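Observations on the model geometry
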Amino acid sequence: MISMADRVDTVTGKKKILFIVNPKSGTGNKRSIPVLLKKYLDADKFAYEIIQTNYAGEAAKISEENRDKFDIIVAIGGDGTINEVAGPLTNSNTVLGIIPCGSGNGLARHLKIPRNIKRAIKLLNKRCIATIDTINLDERIFLNVAGVGFDAHIAQLFANSKKRGFLSYAKLAMREIRKFISVDYQLIIDGQEKLEKAPFLISVANSTQYGNNAHIAPNALIADGLMDVCVLRKVPAWYYPVLIYRMFTGTLTKSKYYQTWQGKEVQIKLLNDAHGKHMHIDGDPYAVSKNMKLKVNPLSLKVACQGSV
């Protein structure tokens, strides 16, 4: 952990922060954000601006346009919003800040960033950062977890659902788990073939969890230069409670239905018809292709957080 670089506003001597707010993410109301920033952000250290997004993808555009104008750009939203903001900041001196307001907040939980807005703002006042890995999927950057299979199927349905939050996601998953049909994938890690069959899911993880403390990669480290590639086979119905218990207690590695590897480059090849199949990036649907290529970018993003990563 290091202190933030001493790039400051030449007029005020304060660091410049841009807050990008996604009003549609998660379940909470973000109307209080301006009041909370005025009250809890240290005015002696920071000068700030707020921009609210109006459509999907706009956060990335705003981040790119303002990357060289601000010391810190803060994403206020879920993992999808964080990914959008983070993309243009990769391999730059601009720090990513996070105020988690999504449904799962997987990355924030891994980085020990408070989900309470007041406390997350106060964390920014400490002006501490860590440098983490990012992962390239084709031309996209992501920070947390991407994958194919059941979780991607649920992500597609959840994106089209009017109800948000963990309970809605859990109900959707329980409704779909028995009727989900796996398809065949070939998995290649650092040039070595690991799998050519129909798994329940394949997850490529930078951090330990999807969100809501559901740990798909319990041993993952976010600054080790490696991806954790996790495969879960279809489990019998009687095993569902055990699977849920293991996922939420970080003991999934003890399951005989689970297998994991680490690597720097990963290929996931779809071996049959892609129609109706999906991929997800941090819970957001992503167009699946016949050959998906992922590559880790070691220590490529500065993030305002606390504790070791």
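Residues numbered from 1 in each chain as written. Predicted model: local features only at pLDDT ≥ 70, side-chain atom pairs only at ≥ 80, totals over all residues. Heavy atoms only, no water.

The next point concerns unusual backbone geometry. Note on backbone geometry: most residues besides glycine have negative phi, and most peptide bonds are trans. Phi at Asn 105 is positive, roughly 55°, even though this residue is not glycine. Along the chain, the position of Asn 105 falls in the loop between β5 (95-100) and α4 (106-110). The residue Asp 282 is not glycine, and still its phi comes out positive at about 50°. In this structure, Asp 282 sits in the loop between β17 (279-281) and β18 (284-286). (Helix = DSSP H or I, 4+ residues; strand = E, 2+ residues; numbered from the N terminus.)

Below, the discussion takes up the sheet that holds β17. As summarised here, the arrangement of the six strands in space is β15-β14-β11-β8-β17-β18, forming an open sheet in which the pairing is antiparallel. Every other strand in the sheet has two partners, leaving β15 (258-263) and β18 as the edge strands with one partner each. Along the sheet, successive strands turn relative to each other by an average axial angle of 20°, direction set aside. With five bridges connecting them, strand β11 (residues 201-205) and strand β14 (residues 227-232) associate as antiparallel partners. Considered in β14, the bridge of Ser 203 is made with Cys 230. Contacts from helix α6 (residues 150-159) reach β8 (145-149), β11, β17 and β18, with the element oriented near 100° to β8. (Pairing = 2+ DSSP bridges. Axes fitted to C-alpha atoms, helices over the stretch in contact; angles between N-to-C directions. Contact = heavy atoms within 4.5 Å.)

There is about 160 Å³ of room inside the second largest pocket. If you go around the second largest pocket, you meet 13 residues; those closest to its centre are Gly 149, His 153, Phe 180, Ile 181 and Lys 277. Among the residues forming the lining of the second largest pocket, the class breakdown is five nonpolar, five polar and three charged. (1 Å grid on protein atoms, 1.4 Å probe; cavity = no way out; pocket = protein on both sides within 12 Å on 5 of 7 lines; lining within 4 Å. Points joined across faces, edges and corners; volume = space filled by probe spheres on them. Nonpolar A, V, L, I, M, F, W, Y, C, P; charged D, E, K, R; others polar.)

Note that Asp 79 resides in helix α3 (residues 79-86). No salt bridge is formed by the buried Asp 79; the nearest opposite charge belongs to Arg 109, separated by 7.9 Å. A polar contact is formed between the side chain of Asp 79 and the backbone nitrogen of Leu 107, at a distance of 3.4 Å. Aside from chain neighbours lying at most four places away, what touches Asp 79 is Asn 105, Gly 106, Leu 107, Asn 144, Tyr 210 and Asp 282. (Buried < 20%, exposed > 50% of the residue type's maximum accessible area, 1.4 Å probe, protein only. Lys, Arg positive; Asp, Glu negative; His and termini not counted. Salt bridge = Lys/Arg side-chain N within 4 Å of Asp/Glu carboxyl O. Polar contact = N/O pair within 3.5 Å; in protein donor to acceptor, adjacent residues only side chain to side chain.)

Of all six residues in β14, six are buried; the element is thus mostly enclosed. Side chains Met 227, Val 229 and Val 231 project from β14 onto one buried face, and the interleaved Asp 228, Cys 230 and Leu 232 project onto a second face that is buried too.

As a further point, take a nonpolar patch on the surface. A cluster of nonpolar side chains, contributed by Phe 166, Met 174, Ile 244 and Phe 248, occupies part of the molecular surface with about 350 Å² of accessible area. Relative to the helices and strands, Phe 166 resides in helix α7 (residues 166-176). By relative accessible area, Phe 166 is classed as partly exposed at 37%. (Patch = residues over 30% accessible without salt bridge, like charges linked within 9 Å, V, L, I, M, F, W, Y side chains within 5 Å. Areas by Shrake-Rupley, 256 points an atom, 1.4 Å probe, with all protein chains shown as cover.)

Turning to helix α5 (residues 117-125), its buried residues number three or more, namely Ile 117, Ala 120, Ile 121, Leu 123, Leu 124 and Asn 125. Its side-chain oxygen at 3.1 Å from the backbone nitrogen of Lys 118, Asn 116 defines the N-terminal cap of α5. Residue Arg 127 follows α5 closely and has a positive phi angle near 55°.

At a minimum axis separation of 10 Å, α6 and α7 run at an interaxial angle of 125°. Put simply, α6 runs oblique to α7. The two elements α6 and α7 cross, and the hand of that crossing is right-handed. Contacts between α6 and α7 pair Phe 150, Asp 151, His 153, Ile 154, Leu 157 and Phe 158 from the former with Ser 168, Tyr 169, Leu 172, Ala 173, Arg 175 and Glu 176 from the latter. (Parallel < 35°, antiparallel > 145°, perpendicular 65-115°, else oblique. Left-handed = near helix turned anticlockwise from the far one by under 90°.)

Moving on, we get to the environment of Gly 250. Relative to the elements of secondary structure, Gly 250 occurs in the loop between α8 (240-248) and β15. Overall, Gly 250 belongs to the partly exposed group, its relative accessible area being 27%. Considered as a pair, Gly 250 and Ala 217 are 33 residues apart in the sequence and their alpha carbons are 8.0 Å apart. Beyond its immediate stretch of four places on either side in the chain, Gly 250 contacts His 215 and Pro 218.

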